[in-house]
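If you want the building blocks of each chain, they are given just below.
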Amino acid sequence: MSDQSIAVVGVHHTPYRKTVETQSLEEMAFAAARGALADAGLTIADIDAVVLSTTDQVEGRVIESMVVNGAAGGVSRDVTTIASSGEHAFAYACLSLLAGQAERVLVVVWSKQSEGLDPSHADWLGAEPFLLRRLGMTSVAAAGLQASAYNARYGFDEAAVRSLRDVRQAAAAAAGNLVDTDATGRVVAWPLTDLDLPRSCDMACAAVLTTSGHVTPDQQPAWIRGIGWATGSYDLGDRDLTTFESLATAARMALGPDRLATDIDVAEIQEISTVGAFAAAEAVGLAPPGGGPDAALAAAINPSGGNLFADPGNASGFLRFLQAAQQVRGTAGPAQVAPQPRTALAAALHGFAGQGAAVITFAVHPGGVA
Amino acid sequence: MRPVGIIGVGQTEFRKTRTDVTYPELVREGARLALSDAGVTMDDVGAIVVPLAPDALIGIGNGERWCIEAIGAQGKPSMRVNTGGATGLTAVIAGYTHIASGLFDVVLVAGADRVSESRSAQSVLNKMWDVAYERPYPLNTITMLALAAQRYNAKYGADERDLARVTVKNRRHAALNPYAHLRTPITEDEVLATRMISWPLKLADLCPSSTGAGAVVLASEDFARRSGRPVAWIRGTGQSSETFWMGDRVGPAALGDHADAEALAEAINRSYRRAGITRPPEQIDVAELYAPFSSVELHAIEAAGLCAKGESFGRIAAGDFALGAPGPVVNPSGGTLCTNPIAVTGLVRAAEVALQVTGRADARQVPGASVGVATAIGGDHQFYASMVLANHLEEIA
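Residues numbered from 1 in each chain as written. Chains lettered and ligands numbered in written order. Predicted model: local features only at pLDDT ≥ 70, side-chain atom pairs only at ≥ 80, totals over all residues. Heavy atoms only, no water.

Student: Explanation requested: unusual backbone geometry in the structure shown.
Tutor: If a residue is not glycine, its phi is most likely negative; likewise, a peptide bond is most likely trans. Along the chain, Ala338 of chain A connects to Pro339 of chain A via a cis peptide bond; the corresponding omega equals -10°. Within the secondary structure, Pro339 of chain A sits in the loop between α11 (316–329) and β10 (343–350). Between Trp199 of chain B and the following residue, Pro200 of chain B, the backbone shows a cis peptide bond with an omega angle of 5°. Note that Pro200 of chain B resides in the loop between β5 (196–198) and β6 (201–202). (Helix = DSSP H or I, 4+ residues; strand = E, 2+ residues; numbered from the N terminus.)

Set out below in structure tokens:
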């Protein structure tokens, strides 16, 4: 727990596009960074540290943050690249502020997956080479195993899956947060079809975070009230795939001992699949085990449409954080929940079947960080 | 700012290959050594930071996820840092930041690399550059730093023998370091007789591709004092970065100069300011300066303020910066020139300074060392990190 209060004061992301052909990665990152600074009413001269996040596996560059660094305003600044996930970059920016290492931090996270000839092949190379790679382990295969484990324990609720897909699609369409797909409904990792999985998109996102002493009267802060992240076993066999243990741990860490997820006004939760959405809602604490279908379909969950209909890879979890912050700031546009939420929770997952997770809680008032 | 110290250090012997362990097992070796040195277990550790540079060097995407069980970190917060060659030191800075935030008391920073496993590290590293403009030259870290060496030599009047003297000094140091990869002493003439790789750099001017692990345990002041272990206090950290484009560091509109390391100096000066270092040659006893090639050490010494620009090679020729000489000693471990496991090279710089200021560096100990600086460089000389460590929390005299 820290008594220091920190906030998100600027947010921007490039438009949801399946493929961005008219901008380079640098141009996308520059647009995101500049937009977030403008949203905060700041210029790059006000920023004393930059946090970047990249995966380096899809777009054909071995240290992608090198080329983005200048576009993100990193030259002559304190720059850290967090490579494990975009959401970790957000958490690290929070740590930098709480540590007094910086007063205003710009975080830039991106994914231009369309540059990769075969992103699924790159994903497969994330499997260790001795066993899992030979078995064909990928994020899609892992999501299928997670879904089959969930269905085996709680039963396959086909109507709930269909409803979830419809609700998310309607919200994403209303908010303009949806990209085209070639999906046809074929089974890709039993029991999941290609309609049950996130649709890949290109995007760069950025946020400006600062400490309470530097929030100006004309800024709309989303106060960060809790940070939690955890990584579970790499080996899927060591995990209970009917839930996301790392997400449950991260949520407990972010909520602290005195708050419940069910007390939160709105949540933006990354979903690795339609069935995974149910387990994620439970892991966050919005429902008991097996109660995910009802909880995930609540109006206050993923008003942006979530990531199932537009998923910018490494930036997907980070984007959930930004969407939740926007709700508390009252700047979520067509996705804005009314009345304006006073609290929000955002949850992110990464790795095979959500090996790692991060959770951030926001509020309209400051009050330290759990 | 909340004081943070290094209470445990672990490093394996570095060598070309290790076929007896997987990457997670190697990370585990380093982690266990550091935990044992600190006298703690994973139950005491609140969070983990894993340094891991390009994924392609170990042949697996997000390899940090694979090593979670091996270090017993299931369920704990962990994150990975990647700033190229600076990764290891950036990770230690990240660990420091975790604790300084007030949210954690003990953090383990643990990683490993097996650079030779990629078969051609330079082919991998060529992919750092822009696909259209700079990759086809072909740039790699050797040709890039050969250009910088040419520029330094032309600007300040150094020559190939001056570079050779750096190798001679560091090999002599590495011979005293049981963890170093290249431990055979070498003469100036022997260095000059090695084959030319990219003028003016010859084989003995270059670092090896190393395999091994390194780890440190960091702790809050309360925990560190209660531990009863020798503590290397982190007195200041600093980072900076430079333009990505090599071409932007030449010509009339240059943003930088390949001869100098201005952004490295900026990072070091930030750490000096936080530590209260105003007279580096008098206040710094030991410096572990990231320099994978002999030529890099020359401008790194100058960026650290240990002498003026263009003076370092003359000082080395006079015997300075070496074990046994008066004044600050540079790279008493043998440095990156003798051992370069990319992901943890920067971490080892901090670990070696921690050992020095706590008087635990054995045969390579700088007598009486109490204050030291560690640096690291990543990307195409683009990301820079610096850390000042001392064996006390009082004002540095």
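Further notes follow.
Student: Whenever I open this one, the interface of chain B and chain A confuses me. Can you help?
Tutor: One widely used convention gives an interface's size as the accessible area the parts lose upon coming together. At the interface, 56 residues of chain B touch 56 residues of chain A. Each partner contributes to the roughly 4300 Å² buried at the junction of chain B and chain A, and carbon and sulfur atoms together form 56% of this total. On the chain B side of the contact with chain A, Arg65, Met79 and Leu103 of chain B bury the most area, a combined 15% of that side's loss. At the boundary of chain B with chain A, the tally comes to 0 salt bridges. Our enumeration of links across chain B and chain A arrives at 31 residue pairs in polar contact (both at pLDDT 80 or more). Secondary-structure elements contributing two or more residues to the side of chain B that touches chain A are α2 (63–66), β3 (78–81), α3 (87–100), β8 (232–241) and α9 (262–275) of chain B. (Contact = heavy atoms within 4.5 Å. Buried area = accessible area lost by both parts, 1.4 Å probe. Salt bridge = Lys/Arg side-chain N within 4 Å of Asp/Glu carboxyl O. Polar contact = N/O pair within 3.5 Å; in protein donor to acceptor, adjacent residues only side chain to side chain.)

Student: Help me understand the pairing of strand β2 (residues 49–53) of chain A, please; the structure alone is not making it clear to me.
Tutor: Looking down a regular strand, the side chains alternate between one sheet face and the other. All names here are of chain A. Most of β2 sits inside the fold, with 5 of its 5 residues counted as buried. Strand direction decides the pairing type here: β2 and strand β3 (residues 78–82), joined by 5 bridges, are parallel. Each residue of the ladder has a partner; that of Val50, found in β3, is Val79. As defined by bridge partners, β2 adjoins strand β4 (residues 104–111) across 5 bridges and the pair is classed as parallel. Among the inter-strand pairings, Val50 is bridged to a residue of β4, identified as Leu106. (Buried < 20%, exposed > 50% of the residue type's maximum accessible area, 1.4 Å probe, protein only. Pairing = 2+ DSSP bridges.)

Student: Before we go on, may I ask you to explain the environment of Gly176 of chain A in this structure?
Tutor: Residues and elements named next belong to chain A. Following the sequence through the fold, Gly176 ends up in the loop between α7 (158–175) and β5 (187–189). We classify Gly176 as partly exposed; its relative accessible area is 46%. When the C-alpha atoms of Gly176 and Ala141 are compared, they prove to be 29 Å apart, with 35 residues separating the residues in sequence.

Student: What's the story with the pattern of salt bridges in this structure? I'm lost.
Tutor: Opposite charge on two side chains makes pairing possible when the charged atoms of those side chains draw close. Residue and element names in this part refer to chain B. Within this structure, the stated rule accounts for 37 salt bridges over all chains. A salt bridge links Asp189 to Arg161; its shortest N-O distance comes to 3.1 Å. Remark: Arg161 occurs in helix α6 (residues 160–174) and Asp189 occurs in helix α7 (residues 188–193); sequence separation between them is 28 residues. With its nearest N and O atoms 4.0 Å apart, the salt bridge here joins Lys309 to Asp260. Taken together, the residues span a long stretch of sequence, with Lys309 in the loop between α11 (294–303) and α12 (312–317) and Asp260 in the loop between β8 and α9 at a distance of 49 residues. Residue classification places Asp260 among the buried positions, given a relative accessible area of 8%.

Student: Quick question: what am I supposed to make of the packing of aromatic side chains here?
Tutor: Within a pair of aromatic rings, the relevant descriptors are the distance that separates the centres and the angle that separates the planes. Residues and elements named next belong to chain B. Across all of its chains, the model carries 13 aromatic pairs over all chains by this definition. With centroids separated by 6.2 Å and ring planes inclined at 80°, the aromatic side chains of Tyr133 and Trp245 adopt a geometry described as edge-to-face. Of this pair, Tyr133 sits in the loop between α4 (121–126) and α5 (141–156) while Trp245 sits in the loop between β8 and α9; the two residues are 112 residues apart in sequence, bridging distant segments of the chain. An angle of 70° between the planes, with centres 4.9 Å apart, marks the rings of Phe244 and Trp245 as edge-to-face. Given the relative accessible area of 3%, Phe244 is considered buried. (Phe/Tyr/Trp six-rings, centres within 6.5 Å; stacked < 30°, edge-to-face > 60°.)

Student: Can you walk me through the pairing of strand β7 (residues 211–220) of chain B in this structure?
Tutor: All names here are of chain B. With respect to burial, β7 is a largely interior element, 10 of its 10 residues being buried. A two-sided burial pattern is seen for β7, the buried positions comprising Thr211, Ala213, Ala215, Val217 and Ala219 on one face and Gly212, Gly214, Val216, Leu218 and Ser220 on the other. Where strand β1 (residues 4–11) and β7 come together, 7 bridges link them in antiparallel fashion. Bridging across to β7, Val4 finds its partner in Ser220. By the bridge criterion, 9 bridges tie strand β4 (residues 106–114) to β7 in an arrangement that is antiparallel. Of the residues in β7, the one forming a bridge with Asp113 is Gly212.

Student: I'm lost on the packing of helix α3 (residues 86–98) of chain A against α3 of chain B in this one. Help?
Tutor: The description of two packed helices rests on the angle between their axes and on the distance between the axes. At their nearest, the axes of α3 of chain A and α3 of chain B sit 8 Å apart, and the two run at 65° to each other. When you trace α3 of chain A past α3 of chain B, the crossing you get is left-handed. Contacts between α3 of chain A and α3 of chain B involve Tyr92, Leu95, Ser96 and Leu98 of chain A from the former and Ile93, Ala94, Thr97, His98 and Ala100 of chain B from the latter. Partitioning the contact of α3 of chain A with α3 of chain B into residue classes produces 6 nonpolar, 3 polar and no charged. (Axes fitted to C-alpha atoms, helices over the stretch in contact; angles between N-to-C directions. Left-handed = near helix turned anticlockwise from the far one by under 90°. Nonpolar A, V, L, I, M, F, W, Y, C, P; charged D, E, K, R; others polar.)

Student: Teacher, can you tell me more about helix α1 (residues 25–40) of chain A here?
Tutor: Three- or four-residue spacings in an α-helix give side chains the same orientation, since the helix completes a turn every 3.6 residues. All names here are of chain A. Relative to the 22 Å expected for 16 residues at 1.5 Å per residue, α1 spans 23 Å between its end C-alpha atoms, a close match to the ideal helical length. Along α1, the residues that are buried comprise Leu25, Glu26, Met28, Ala29, Ala32, Ala33, Gly35, Ala36, Leu37 and Ala40. Turning to α1, the residues buried within the fold contact β1 (6–13), α2 (65–71), β4 and β7 (203–211). Looking one or two residues beyond α1, the residue adopting positive phi is Gly41, at roughly 70°. (Expected span 1.5 Å × (residues − 1).)

Student: Any chance you could explain α5 of chain B here in plain terms?
Tutor: All names here are of chain B. In this model, α5 (16 residues) spans 22 Å end to end at C-alpha, consistent with the 22 Å of a helix rising 1.5 Å per residue. Taken as a whole, α5 has its buried residues at Thr141, Ile142, Met144, Leu145, Ala146, Ala148, Ala149, Tyr152 and Asn153. The inward-facing, buried residues of α5 abut α4, α6, β5, β6, α11 and α12. Where α5 ends, the next residue or the one after it, Gly157, has phi of about 80°, a positive value.

Student: Even after reading the chapter, I still don't get the environment of Ala121 of chain B, so can you show me in this structure?
Tutor: All names here are of chain B. Turning to its location among the elements, Ala121 is positioned in helix α4. Residue Ala121 is classed as buried on the basis of its relative accessible area, which comes to 12%. Leaving out residues up to four positions away in the same chain, Ala121 has contacts with Leu57 and Val115.

Student: Looking at this model, I keep getting lost on the state of the cysteines. Mind explaining?
Tutor: Such a bond, covalent and formed between the sulfur atoms of two cysteines, is termed a disulfide. All chains considered together, the criterion is met by 0 disulfides over all chains. With no disulfide partner, Cys207 of chain B has as its closest neighbouring cysteine sulfur the one in Cys338 of chain B, 9.7 Å distant. (Disulfide = S-S within 2.5 Å.)

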